[in-house]
Structures are given as C-alpha cells and as structure tokens.
Amino acid sequence: MGVVRNLRQVSADDTGIDIAFRADVHAGLSQRPKAIPARWFYDTTGSALFEDITALPEYYPTRSETDLLTRHAADIASAIGPGRAVVELGSGSSTKTPLLLDAIDPAAYVPVDISGDFLRDSAEALAARFPGLAIYPVEADFTQRVDLPREICPLAKLGFFPGSTIGNMVARTAIDLLRNWRSALGDGALMLIGVDRIKDIGILERAYDDPAGVTAAFNLNLLERINSELGGDIAVENFSHRAVWNDVHARIEMHLVAACDMDFTVDGHSYHLAKGETIHSENSHKYGPRDANLLLRAGGWTPIATWDDADPAFALILAEATEFRSAP
C-alpha cells in the first residue's frame, strides 16, 4: 500500500514560520534563566546532525535500544500481538522502526514528527521496505494534540516512543504528554517506550559532549535556526556548548553559554546576555526502575513488561492503557 498521504498539523504564519516556534523563542529569551524547548532542535539540519550523533561511539542510547529490539524481538512480539496500528512519536529517520515492524506484523504505521523533510523521506524508505503496509505520515508536534488518521480509528493501537525522548521533559510535562497519548490511542492501547537509566556521570557527560563536537554543532544549530527563520542577528561564534549532570534532578542539561556580553535582535525584539549567562536548551532525565514506572502510571499507563540492557543501562518498557474512571 505504501505512503497513503502526508497529514500536516503545523500552524504557520503568512511567511511560513511555525507560530509555536516564534512564540517559544521569544518567551524563552525573555525569561530568567533563558530556556528554549528542545523540540526546536529539529529543523532539517538539526535532524541530520542528530542522526550523526546516534552513530557516535560515545552515544550509547541508540545502540542499546537497537540491541534490545533485536535480542528480544520474539518476546516483544508475543506481548504485543499482531494487527495493531503502530503510532511512533517523534519518528525522525525511523532507523529502529523496521526492527519493530518486522517483529509484530502491524496493520498500519503512523510516524509523527515535526520535521517534514525527514518524515517524508523516512516514510518513503519504509514504504519501499514494507510494500504491503499502509503508512500515514503526520507532520505535527507530538507534544501537542495530534489528530490521528481516520483510517486507523477501528484498529487497536501501539504507541512507540523510542530514544528515551521522554527524558527531555520535566515530570509534569511528561505526565501530561503520556495522558494526552493515552486519550489519543484509546482503550486497549499499548505503549512501548525507551527510558535511559541513571549511570556513571562520565559515561553520561561524554554521550552529550562528544570529542568530535557533533553534539556541540547540534546545540549551536538552534541559534542558526533562529537567525535563519526569525531574522535574528545572534553571533553564534560567541556561544559554546556545555553539557553537565544535575544530580538534584537526575538529568543531563545542555546549555548554550555566552562567551561575552552581547546584545542581539530576533524578529525585531532586542535581547541581552551577560558573559557566562546561558540559554538552557535541553534536559535528558535518567530514571531508576521505580521512577520510570511511577511516571508511566501517573500518565495513565500500567507497565506490564520490561527489557533491560545492563551495559550501559537502558530499558524498553511495555505498558497498557489504564482504564479511565469516572469521578464519584
């Protein structure tokens, strides 16, 4: 069947700029401390740089998750069963997706991603590999409400949320997202989610600050995107990349650090950063087993199976939709 059609659910202004991107940039640069949500990394250049990151020897999550999907394919397939519509949140290039699709014999595949170019290319590649599979790409921000294709409404659904992307969100935001997708996927749905475990700080910091500088380029590209799409005049060369472990919140934080005092404009708005001030660009939370299970339960999902990789620690968790209860 191949790619059925591309659904676009991104709101743009008359110039074609994503309205939410503009709003988040201005809000983030106006607050103290400054922060811009990590989802805006993923323009075409940022998406390509992230794919480069996943191939780095220091970046273990992709390797670990791929290994889990490969080694435990039969068990995962047995727990999920055939005939589900797979809805992948933040699909990107869908490099791990064939491992899952090969194992479970799905009825349809719905990749959801904010980067339209990557979404279309990966959907076409998967259509060539799985010619009998109906594929419905949805260009949308999966952290917001997403309307799923009507063709999959009658099907049982499997949410696929790989890459430990849930760790990019603080707990309340992650819970809201899980609840939103619990509602969108419906009763009887399952969710297969990748979560990164707490581990040696050195391993974590190297994974997010590689010696080749690919992660630094990925982080700095956010500023390049702001300049390109929002008419900014940020001196990108005056920023550096920093990745640090925050032990209080059990997360790696990525920051863009100002090397000097600077003034700049974005979309006609003026901003100032002092030397050493940062723009907080990403969190990557790490979870112990109990933490991850509590997060899922709070989001409306009950864990039913876990596959762990010990070196370095990473997990795939399968959860089922918790039954909604009416208020007494």
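Look up a bit, the structure's there.
Residues numbered from 1 in each chain as written. Predicted model: local features only at pLDDT ≥ 70, side-chain atom pairs only at ≥ 80, totals over all residues. Heavy atoms only, no water.

1. A few points about the pattern of salt bridges
Summed over the entire model, instances satisfying the criterion amount to 17 salt bridges. Residue R22 pairs with D267 through a salt bridge whose shortest N-O separation is 2.8 Å. With R22 in helix α1 (residues 19-30) and D267 in the loop between β12 (262-266) and β13 (269-273), this pair connects stretches of sequence that are 245 residues apart. The closest approach of N and O atoms between K199 and D196, which form a salt bridge, is 2.6 Å. K199 sits in the buried class, given a relative accessible area of 13%. Under the relative-accessibility criterion, D196 is labelled buried at 1%. Through salt bridges with shared partners, one network takes in D24, R39 and D141. (Salt bridge = Lys/Arg side-chain N within 4 Å of Asp/Glu carboxyl O. Helix = DSSP H or I, 4+ residues; strand = E, 2+ residues; numbered from the N terminus. Buried < 20%, exposed > 50% of the residue type's maximum accessible area, 1.4 Å probe, protein only.)

2. Overview of the sheet that holds strand β11 (residues 251-258)
Backbone hydrogen bonds hold the strands of a sheet together, and the pairing may be parallel or antiparallel. Reading across the sheet, the four strands line up as β3-β14-β11-β10 and stay open at both edges, with mixed pairing between neighbours. Two strands bound the open sheet, and with one partner strand each, they are β3 (34-35) and β10 (239-246). Both β10 and β11 contribute to a ladder of eight bridges, which runs antiparallel. Residue pairing across strands places R242 opposite H255, the latter belonging to β11. Here helix α9 (residues 214-230) sits on the sheet and contacts β10, β11 and β14 (278-285); the angle it forms with β11, its principal contact strand, is near 60°. (Pairing = 2+ DSSP bridges. Contact = heavy atoms within 4.5 Å. Axes fitted to C-alpha atoms, helices over the stretch in contact; angles between N-to-C directions.)

3. Describing the pairing of strand β8 (residues 157-161)
Most of β8 sits inside the fold, with five of its five residues counted as buried. Burial along β8 is two-sided: K157, G159 and F161 facing one way and L158 and F160 facing the other are all buried. As defined by bridge partners, strand β4 (residues 85-89) adjoins β8 across four bridges and the pair is classed as parallel. Paired with V87 across the two strands is G159, which belongs to β8. As paired elements, β8 and strand β9 (residues 190-196) share four bridges and run parallel to each other. By the bridge assignment, F161 is partnered in β9 with I193. As a crossover connection, the stretch from β8 through helix α7 (residues 171-185) into β9 is right-handed. (Right-handed = clockwise from strand over helix to strand, strands pointing away.)

4. Description of the nonpolar core
By size, the foremost hydrophobic cluster in this structure holds 40 residues, and its most contacted members are L29, L223, I226, F239, F264, V266 and I279. Counting residues per element, this core draws most heavily on α9, which supplies seven residues. Look past the residues within four positions of L29 in its chain and what remains in contact with it is K34, I36, F264, V266, Y271 and I279. In this structure, Y136, L178, A292 and A321 belong to the second largest nonpolar core, which totals 36 residues. (Core = buried A, V, L, I, M, F, W, Y, C linked by side-chain atoms within 4.5 Å.)

5. A look at helix α4 (residues 73-80)
One turn of the α-helix equals 3.6 residues, which is why residues spaced by three or four share an orientation. For α4, every residue scored as buried is listed here: I76, A77 and I80. Along the axis of α4, the buried positions cluster into a sector of 100°, meaning they face one direction only. Of the exposed residues in α4, those oriented more than 90 degrees away from the buried face are A74 and S78. Residues of α4 that are buried make contact with α3 (60-71), α5 (97-104), β8, β9, β15 (301-310) and β16 (313-321). G81, located one to two residues past α4, shows a positive phi value of around 85°. (Arc of directions from axis to C-beta.)

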